[in-house]
Amino acid sequence: MTRLQSVLDAIDTANAKDPNIEDGQPEALLYGSRMTQEANRLFPEASEALQIAARGQHIERWVLKRADFPEGRAGYLKWRRELGIHHANRVSDLMSEAGYDEEDIVAAGTMLRKEGLKRNAEVQALEDIICFVFLKWYFAPFAAKHPEEKVLDIVVKTARKMSDAGRARVLAEFDLPAALAAAFQEPAA
């Protein structure tokens, strides 16, 4: 077994413990699988660090509950930052155990903490993967539960985080209503 496969398997083992179930599987395990599927499709030549970061994006996400953080945007952002740190630390430990060097470990941690979005190509690649996974598997259920203005706001925020190439690919791959497609036609901020 390669060290890459040992880390991916370790992430899956951790995520198999997720008590939240979606489509008959632990949510984090299913999400990791979807992230890997999109990473392989969008970035077939991805570095091992990016492949690991994609699979580990939600490692043990259930450990830090949103309800344990303050209400509102500030509480939400604090929860997301803490999750990024947790994901990076867990993945870093698994990579270290598998024999990865410090450079690869730091690269994966940087991606998982989203440090350098729009400035670091691999951080941006991970963000594009995240956005594609959201649009492909989670957007329709989200849109069905929220008012149109909130849906548009989320689409605008999603598009803003993506690269120009990622947004162009969304327009090519998804049949979006005009108001939503417009968000992906804007240049990256």
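Owing to the predicted nature of the structure, the values given are computational and were not obtained by experimental measurement.

1. Quick notes on the overall build of the protein
Then step 1. Of regular secondary structure, the protein possesses nine helices and two strands.
Then step 2. Mapped in sequence order, the helices and strands of the protein form the string α-β-β-α-α-α-α-α-α-α-α.
Then step 3. Scaling as 2.2 N^0.38, a compact globule of 189 residues should have a C-alpha radius of gyration of about 16 Å, and the protein matches this with 16 Å.
Then step 4. The dimensions of the protein, computed from C-alpha atoms along their principal axes, are 50 × 35 × 30 Å.
Then step 5. Taken over 189 residues, the protein has a buried fraction of 43%.
Then step 6. The long-range fraction of contacts in the protein, counting pairs at least 24 apart against all pairs at least 6 apart in sequence, stands at 64%.
Then step 7. When the accessible area of the protein is evaluated, it comes to approximately 10000 Å², of which 53% is carbon and sulfur surface.
Then step 8. Positive and negative side-chain charges of the protein, numbering 25 and 30 respectively, have mean locations separated by a distance of 5 Å.

2. With respect to helix α8 (residues 164-173)
Then step 1. Every buried residue of α8 is listed here: Gly166, Arg167 and Val170. Along the axis of α8, the buried positions cluster into a sector of 100 degrees, meaning they face one direction only. Pointing more than 90 degrees away from the buried face of α8 are the exposed residues Ala165 and Ala172.
Then step 2. Each element contacted by the buried residues of α8 is listed here: α6 (121-145), α7 (148-161) and α9 (178-185).

3. Details of the packing of aromatic side chains
Then step 1. Taken as a whole and assessed by the stated rule, the structure comprises five aromatic pairs.
Then step 2. Taking the centre distance of 6.0 Å and the plane angle of 45 degrees together, the rings of Phe132 and Phe174 count as tilted. Remark: Phe174 occurs in the loop between α8 and α9 and Phe132 occurs in helix α6; sequence separation between them is 42 residues.
Then step 3. Measuring from ring centre to ring centre gives 6.2 Å for Phe134 and Phe142, while their planes differ by 65 degrees; the resulting arrangement is edge-to-face.
Then step 4. The class for Phe142 is buried, based on a relative accessible area of 17%.
Then step 5. Members of the aromatic cluster, connected to one another through ring pairs, are Phe134, Phe139 and Phe142.
Then step 6. Geometry around Tyr100 places Arg3 over its ring, the cationic atom sitting 4.0 Å from the centre.

The rules behind the values
Residues numbered from 1 in each chain as written. Predicted model: local features only at pLDDT ≥ 70, side-chain atom pairs only at ≥ 80, totals over all residues. Heavy atoms only, no water. Helix = DSSP H or I, 4+ residues; strand = E, 2+ residues; numbered from the N terminus. Rg over C-alpha atoms; globule rule 2.2 N^0.38 Å. Buried < 20%, exposed > 50% of the residue type's maximum accessible area, 1.4 Å probe, protein only. Contact = heavy atoms within 4.5 Å. Areas by Shrake-Rupley, 256 points an atom, 1.4 Å probe, with all protein chains shown as cover. Lys, Arg positive; Asp, Glu negative; His and termini not counted. Charge placed at Lys NZ, Arg CZ, Asp CG, Glu CD. Arc of directions from axis to C-beta. Phe/Tyr/Trp six-rings, centres within 6.5 Å; stacked < 30°, edge-to-face > 60°. Lys NZ or Arg CZ within 6 Å of the ring centre and 35° of its normal.

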